[in-house]
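Coordinate inspection notes
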Amino acid sequence: MKTDTIEAAEKLSTYISDFEMFGRSASAKRSDWLKSIREDAFAQFQQLGFPSTREEDWRYTNVAPISRHPFRRALSRPNGLTSAELSNFTFGELDGCQLVFVDGAFSQKLSTRTALPRGVRVRSLATALQKDRGRLEPYLAKLAGFDRNAFTALNTAFMSHGAFVYLPRGIIFNGIIHLLFLSTGHKKNSVTHPRTLIVAGEETQVSIVESHVGLEHGVYFTNAVTEIVAARNSTVEYHKIQRESREAFHVASLHVLQERDTNFTSHSISLGGALVRNDLNIVLNAEGAESTLNGLYVTAEKQHVDNHTKIDHAKPNCRSRELYKGILDEQSTAVFNGKILVRMNAQKTSAKQTNKNLLLSDRALVNSTPQLEIFADDVKCTHGATIGHLDEDELFYLRSRGIDEVSARTLLTYAFASEILSTVKIKPIQCQIDLVLLTRLNRLQEDSWQQTSSGGVGL
Amino acid sequence: MLQLINLHTKVEGKEILHGIDLTINAGEVHAIMGPNGSGKSTLAKVLAGHEGYEVNEGQVVYEGKDLLSMLPEDRAREGIFLGFQYPVEIPGVSNMYFLKAALNAIRKHRGLEELDAMDFLAFAKQRMKLVDMDESLINRAVNEGFSGGEKKRNEIFQMAILEPRLAILDETDSGLDIDALKIVANGVNAMRREDRAMILVTHYQRLLNYIVPDQVHVLIDGRIIKSGQKELALELEDKGYGWLE
């Protein structure tokens, strides 16, 4: 209908003018080889428009708040940040590499790097687009299809900043690779499109953390896409820590291709944001692949977090394990949708999916939906979901030993989350998440007693 | 130390205790015996402050204070300890963390300095010996995967750590074999002191062979029917509760 089209066009107008400007920019010109894919992606974005709740995948997540804002690409500007100011978001004297991005621009000054083994690349995408085309081209935008997802299409159209990690065959990287995306919130209504590609060659081992942090209050939009290729026999451990500001929008998709005998683990910790959507797509593309997905989301006030996962058992003899836990307080809402597809020839598939939710208030709401599509007959697939409150007997037990009610609730809530925390094996990462979670939970309790809206950022 | 005056208690709208009068002094061990459904556990829980229990009449005076107006955590801080009949499992919370937090809350209330992790651990290890408890259990989650006997021992261990003034042990002996019972009884006896009182809620007389009470009260249908010395327990063992009904 005409009115619809005009309205839709108006909503996309800032993106259209930004795309034209981007096309003329130096950074686009430097990666000219991507021109046609960017144009195709943008055309697709225009055609799709932002999804409505009439679409199955977006049934419980209304993105009108995002489409209503006239988001414009963040412009890089001097930020004056020092490493000391980032200590809450980093891992101290890291053995490894840290790439820091501020409002969409790579910051050489804040990034650190130890000497890398020969052939290993950990660099900003902008640099890689210019210097590593050969390594990028086989994979970039090949895993993350954009014909049906407007956000992926939008990110692909604007892709120019982010990270590229590449490990040649046989490299065991013992350090941590930390990709830190910071938003200052200084310029209102900014959008960034972080794009990350991780290629783990055959027989490699690597641990990666991708953090998204809001330094101050503010409405901004992070639209991220990450692609990971795990070549034969590689082990990849990926952590995503989301600490955006309480007013921000965060839409992210992770696409993973696992080849033979690979071991992939994902830890997704979601703490901030007003409206958050995480899509996780795994393809188990060869026998012997193993995938473990752990997730924790903690929401309060009017936050909404939507986790959609899809595991495609495309080949036989693969194993997937999923455990997502949510802690919801006040009027917040969450969605968990776990799709498992077992293709016809994927015999001896073993898949297990669990979603557990703890509601701390009567007004919190969660929608948990498993979607199992099983076409093979010799498989083991189980799924389960729980939604509950703190156990009264456990609370009384703690109080009967002298622990006050507020502390007892916090302790039990933390205990609920600790099942996920304990899956993070790398100490500095576990400690940071631990600390942030405890601070967040303590503040939740304080809020409900004092009824102030403390709003801090990201936590 | 503790005085129950005409205590009436309701659970889910139904009155279970119909006017309990009881006086307990420091240094004494009282046994409360009764058949199933007599209200023994109700008595223990209402003294600990469980919210499911409503006192519709009567008073409880603890060390000169009105106990019924105190929150469960405050009762604990004032020195009351309840050994649960069915201790819950709390996955994700370690015994160490939980007990250190509890002990420090109580110490703080008493004006004592809080213990740091090392001092607490040293203290805990020493207490573990009292109940023949394996040191490795301190790092396990509270009661998680513990057998019935281990859970009961953990209750006594907690009592040894928190050093209450009044300990109420609710059917601490139920489900234990004779060896486990002896260990638990040893632990309780080691905690007997002139300034400490204990209430042993029990169905069976057997426990009282090992923990000798100063007084025995028989609770039937929510009333204390008879009180006496330890011989009363032996009579009950012999004749059954029907003798008194």
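It should be emphasised that the depicted structure is a prediction, and the values quoted were computed from it without experimental measurement. (Residues numbered from 1 in each chain as written. Chains lettered and ligands numbered in written order. Predicted model: local features only at pLDDT ≥ 70, side-chain atom pairs only at ≥ 80, totals over all residues.)

Quick notes on the overall build of chain A
Rule in force here: Numbering of helices and strands runs from the N terminus; a helix is a DSSP stretch of H or I covering at least four residues, while a strand is a stretch of E covering at least two. Contact between two residues is assigned when their C-beta atoms, built from the backbone, lie within 7 Å.
The secondary structure content of chain A amounts to ten helices and 21 strands. Along the longest, intermediate and shortest principal axes, the C-alpha atoms of chain A span 70 × 55 × 50 Å. Here the contacts in chain A between residues at least 6 apart in sequence split such that 83% fall between residues at least 24 apart.

Concerning the overall build of chain B
Counted only if it meets this: To get the radius of gyration, use the C-alpha atoms; to get the globule rule, take the number of residues to the power 0.38 and multiply by 2.2 Å. Put plainly, a residue is buried at 20 or more neighbouring C-beta atoms within 10 Å of its own, exposed at 12 or fewer, and partly exposed in between, counting only other residues' C-beta atoms, which are placed from the backbone.
In terms of regular secondary structure, chain B is built from eight helices and twelve strands. Rg of the C-alpha trace for chain B: 18 Å, near the compact-globule value of 18 Å for 245 residues, within the 12% margin. For chain B, the spread of C-alpha atoms along the three principal axes comes to 55 × 40 × 35 Å. Out of the 245 residues belonging to chain B, those deemed buried represent 44%. In chain B, 71% of the contacts between residues at least 6 apart in sequence involve partners at least 24 apart.

Section: the domain arrangement of chain A
Residues and elements named next belong to chain A. Formally: These domain limits were set by an automatic method or by a database of domain assignments. Note on residue classes: Ala, Val, Leu, Ile, Met, Phe, Trp, Tyr, Cys and Pro are nonpolar, Asp, Glu, Lys and Arg are charged, and everything else, Gly too, is polar.
You can read the domains of chain A as domain 1 (2-286) and domain 2 (392-459). Contributing elements (two or more residues each) for the side of domain 1 that touches domain 2: β9 (205-214), β11 (235-243) and β13 (263-270). Of all the elements, β9 adds the most residues to the side of domain 1 that touches domain 2, at four residues. When the residues that make up the side of domain 1 that touches domain 2 are grouped by side-chain class, the tally is eight nonpolar, eight polar and four charged.

Comments concerning the interface of chain B and chain A
Counting from both sides, the interface comprises 19 residues of chain B and, opposite them, 17 residues of chain A. Of all the secondary structure elements, the ones that give two or more residues to the side of chain B that touches chain A are α2 (72-77), β7 (90-94), α3 (95-109) and α5 (148-162) of chain B. The dominant element in the side of chain B that touches chain A, judged by the number of residues it contributes, is α3(B), at five residues. Here the residues of the side of chain B that touches chain A are counted per class, giving 14 nonpolar, three polar and two charged.

Considering the sheet that holds strand β1 (residues 2-11) of chain B
The strands making up a sheet associate through hydrogen bonds between their backbones, and the pairing can be parallel or antiparallel. Residues and elements named next belong to chain B. Definition in use: We treat two strands as partners when DSSP finds at least two bridges between them.
The strand order across the open sheet formed by four strands is β2-β1-β4-β5, and the pairing between neighbours is antiparallel. Each edge of the open sheet carries a strand with a single partner, namely β2 (14-24) and β5 (65-66). In terms of strand pairing, β1 meets β2 through eight bridges, oriented antiparallel. Across the sheet, residue V11 finds its bridge partner in β2, namely K14.

Considering the sheet that holds strand β2 (residues 96-102) of chain A
Residues and elements named next belong to chain A. The line we're drawing: Every axis in this analysis is a line fitted to C-alpha atoms, fitted for helices over the stretch in contact. Angles between the N-to-C directions lie between 0 and 180 degrees.
Taking strand neighbours across the sheet as the criterion, the ten strands line up as β3-β2-β6-β9-β11-β13-β15-β17-β19-β21 in an open arrangement whose pairing is mixed. Only two strands of the sheet have a single neighbouring strand rather than two, namely β3 (105-113) and β21 (379-388). Taken over all neighbouring pairs, the strand axes of this sheet differ in orientation by 10 degrees on average, direction set aside. Pairing between β2 and strand β6 (residues 172-183): seven bridges, direction parallel. Residue pairing across strands places V102 opposite L182, the latter belonging to β6. Packed onto the sheet, helix α9 (residues 405-421) meets β15 (290-299), β17 (319-328) and β19 (349-359) and runs at close to 160 degrees relative to β17.

Topic: the nonpolar core
Soluble globular proteins tend to pack their nonpolar side chains together in the buried interior. Stated formally: To count as a nonpolar core, a set of buried Ala, Val, Leu, Ile, Met, Phe, Trp, Tyr and Cys residues must be joined through C-beta atoms within 7 Å.
Grouped together as the largest cluster of nonpolar side chains are 196 residues, with contacts concentrated most on L99(A), A102(B), I168(B) and L200(B). When residues in this core are grouped by element, the largest group, nine residues, is from α9(A). Both domains that furnish three or more residues to this core are identified here as domain 1 (2-286) and domain 2 (392-459) of chain A. If we skip the residues at most four places from it in the chain, L200(B) touches V29(B), A31(B), L169(B), L207(B), I211(B) and P213(B).

Here's the deal with the pairing of strand β16 (residues 304-313) of chain A
All names here are of chain A. In terms of burial, β16 is a largely internal element, nine of the ten residues being buried. In the sheet, strand β14 (residues 275-284) pairs with β16 via ten bridges, with the strands oriented parallel. When the bridges of β16 are listed, L280 appears paired with T309. In terms of strand pairing, β16 meets strand β18 (residues 333-342) through ten bridges, oriented parallel. The partner of D312 across the bridge, within β18, is L341.

Things to note about the pairing of β17(A)
Residues and elements named next belong to chain A. Burial of β17 is extensive: seven of the ten residues sit out of reach of the surface. For β15 and β17, the ladder comprises ten bridges, and the chain directions are parallel. Paired with Y297 across the strands is G326, a residue of β17. In this sheet, β19 lies alongside β17 in parallel orientation, the contact comprising ten bridges. Note on β19: the bridge partner recorded for I327 is L358.

Description of unusual backbone geometry
The backbone of E301(A) shows a phi angle near 50 degrees, a positive value even though the residue is not glycine. Looking at the secondary structure, you find E301(A) in the loop between β15 and β16. Residue classification places E301(A) among the partly exposed positions, given that 15 C-beta atoms sit within 10 Å. A positive phi angle, close to 50 degrees, is found at E63(B), a residue other than glycine. Within the secondary structure, E63(B) sits in the loop between β4 (53-62) and β5.

Let's talk about the packing of α3(B) against α5(B)
All names here are of chain B. For clarity, the threshold we go by: Two helices that cross are described as forming a left-handed crossing if the nearer one is turned anticlockwise from the farther one by less than a right angle, and a right-handed crossing if clockwise.
One way to put it is that α3 packs onto α5 with a least axis distance of 10 Å and a crossing angle of 35 degrees. Handedness of the α3/α5 crossing: right-handed. Contacts from L99, A102, L103 and I106 in α3 reach Q158, I161 and L162 in α5.

Details of the environment of N186(B)
The topology assignment puts N186(B) in helix α6 (residues 178-190). N186(B) sits 56 residues away from L130(B) along the chain, and the two C-alpha atoms are 7.5 Å apart.

So, the packing of α5(B) against α6(B)
Residue and element names in this part refer to chain B. Here is the rule: Note on angle classes: values under 35 degrees are labelled roughly parallel, values over 145 roughly antiparallel, values of 65 to 115 roughly perpendicular, and the remainder oblique.
Their axes nearest at 10 Å, the elements α5 and α6 cross at an angle of 5 degrees. On the basis of their axis angle, the class for α5 and α6 is roughly parallel. Note on element contacts: α6 touches α5 through A180, I183, V184, G187 and V188, opposite G149, K152, R153, I156 and A160. In terms of residue class, the contact of α5 with α6 is made up of six nonpolar, two polar and two charged.

A few points about the confidence of the model for chain B
One rule of thumb: low pLDDT means the predicted coordinates there are not for detailed reading. Applicable threshold: Scored from 0 to 100, pLDDT reflects the predictor's confidence in each residue.
Of all residues in chain B, 100% have pLDDT values of 70 or greater, and the mean over the chain is 92. Both scores are available for the predicted complex, with the pTM at 0.90 and the ipTM at 0.95.

Structural notes on the environment of D279(A)
All names here are of chain A. Within the element layout of this structure, D279 appears in strand β14. Remark: the alpha-carbon pair of D279 and V225, spanning 54 residues in sequence, is separated by 9.4 Å. With sequence-adjacent residues up to four places away left out, D279 is seen in contact with S253 and H308.

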